[in-house]
Amino acid sequence: MKRRRVLGLLLTVVTVLFAAEPTADASGPSFDVSTNIAYAPGGSRGHLLDLYIPRQSSTKRRPLLIAMGGSGWFGENGKAYASQLAPFFTKAGYVVAGVSTRSSYQAKFPAQLNDVKAAIRWLRANSTAYGIDPHRIAVMGDSSGGWTALMAGVTTPGDVQAVVDLYAPVDFLAMNAHMLPGACDRFNRSFSLTDCHTDPRSPESSLLGAPIETIPDKVKKANPMAYVTKQSPPTLIVQGERDGLVPVDQSDRLFAALDAAGVPATYYLVPGAGHDKRIVSPANAPAIVRRTATAGPPGTRPTLATIEAFLHRSLNL
């Protein structure tokens, strides 16, 4: 148990180190904030959300962007990611909700999926009070938060109208074979593991409650690609070419699955970028862009403005 706690702490530290502000806005807040709203009973920190409401008046209900930060499923403060996105997106007219889900210490899969679904139900049920358009909901997350966003999108057709995924793991059993040279060795040394993502104490094994190589059926149930259909919502994928935690192959596989199903999807592979929220910075090199037959957002950099253009199109704003 002590070693599991150390692993969780280290992954949380990694998340904090990589959680650099993705945008600079010194003009002051454009929103009001309501924090630590319980969307489910039980008193868990993983059942809280924060709401960022634009201050500018509007006669129409606003689209909703749900944001979830990653922690390898070891943290319960995924809602904090929304504070980095709210300055930009509230000015663009969105209500932003930061949503936390329970950690793998507290509950195993599918608890995290059930949590985000409960949060979406709560937000839809309270949409009138907060001026939210319940028919224009997007979900966005990085790493394990991106996985949660994808799972919400592909398993709740109709409830989510767009997904933004930053470097999410999707096919857990395929990760080790495609890690960058030396990345698994560094991963093992950093987190006291021996078998990288298939280790019994890896984030993926902890999420599912057993070494992932021993439970292939459950691994498949936790794979967003298993639920992709033509009705899945439009999806924007952003991946760093030098990601040392989640290999590029994961996003390649996801894009291929969406393309095969006829889902509108755009995939930005950013040269030189790692497992880092700064992947949305306009200072990054132009990305390699792939699109399905349906045209995606313009530009070669997955900035917040590019993401908003994708949401604007996908939510029919």
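Preceding this section is the structure that the text describes.
The following refers to the structure shown. (Residues numbered from 1 in each chain as written. Predicted model: local features only at pLDDT ≥ 70, side-chain atom pairs only at ≥ 80, totals over all residues. Heavy atoms only, no water.)

**Looking at the nonpolar core**
Piece 1. Formed by 55 residues in total, the largest nonpolar core has its most connected members in Ile66, Leu123, Trp147, Phe172 and Leu208.
Piece 2. When residues in this core are grouped by element, the largest group, seven residues, is from helix α3 (residues 111-125).
Piece 3. In contact with tryptophan 147, not counting residues within four places along its chain, are Trp73, Phe109, Gln112, Ala168, Pro169, Phe172, Leu207, Ala222 and Pro224.
Piece 4. In this structure, Ala67, Tyr81, Ala86 and Leu304 belong to the second largest nonpolar core, which totals 30 residues. (Core = buried A, V, L, I, M, F, W, Y, C linked by side-chain atoms within 4.5 Å. Buried < 20%, exposed > 50% of the residue type's maximum accessible area, 1.4 Å probe, protein only. Helix = DSSP H or I, 4+ residues; strand = E, 2+ residues; numbered from the N terminus. Contact = heavy atoms within 4.5 Å.)

**A word on unusual backbone geometry**
Piece 1. Look at the link from phenylalanine 109 to proline 110: it is a cis peptide, with omega at 15°.
Piece 2. Structurally, the position occupied by proline 110 is in the loop between β4 (95-99) and α3.
Piece 3. Backbone geometry places serine 143, a non-glycine residue, at a positive phi of 55°.
Piece 4. As for its position among the elements, serine 143 is in the loop between β5 (132-142) and α5 (144-155).
Piece 5. For serine 192, which is not glycine, the phi torsion reads 55° and is therefore positive.
Piece 6. Relative to the assigned elements, serine 192 resides in the loop between α6 (183-191) and α7 (203-208).
Piece 7. The class of serine 192 is partly exposed, set by a relative accessible area of 36%.

**Focus on the environment of threonine 229**
Piece 1. The topology assignment puts threonine 229 in the loop between α8 (216-221) and β7 (235-240).
Piece 2. The partly exposed category is assigned to threonine 229, whose relative accessible area is 37%.
Piece 3. Setting aside its immediate chain neighbours within four residues, threonine 229 contacts Ala261 and Val263.

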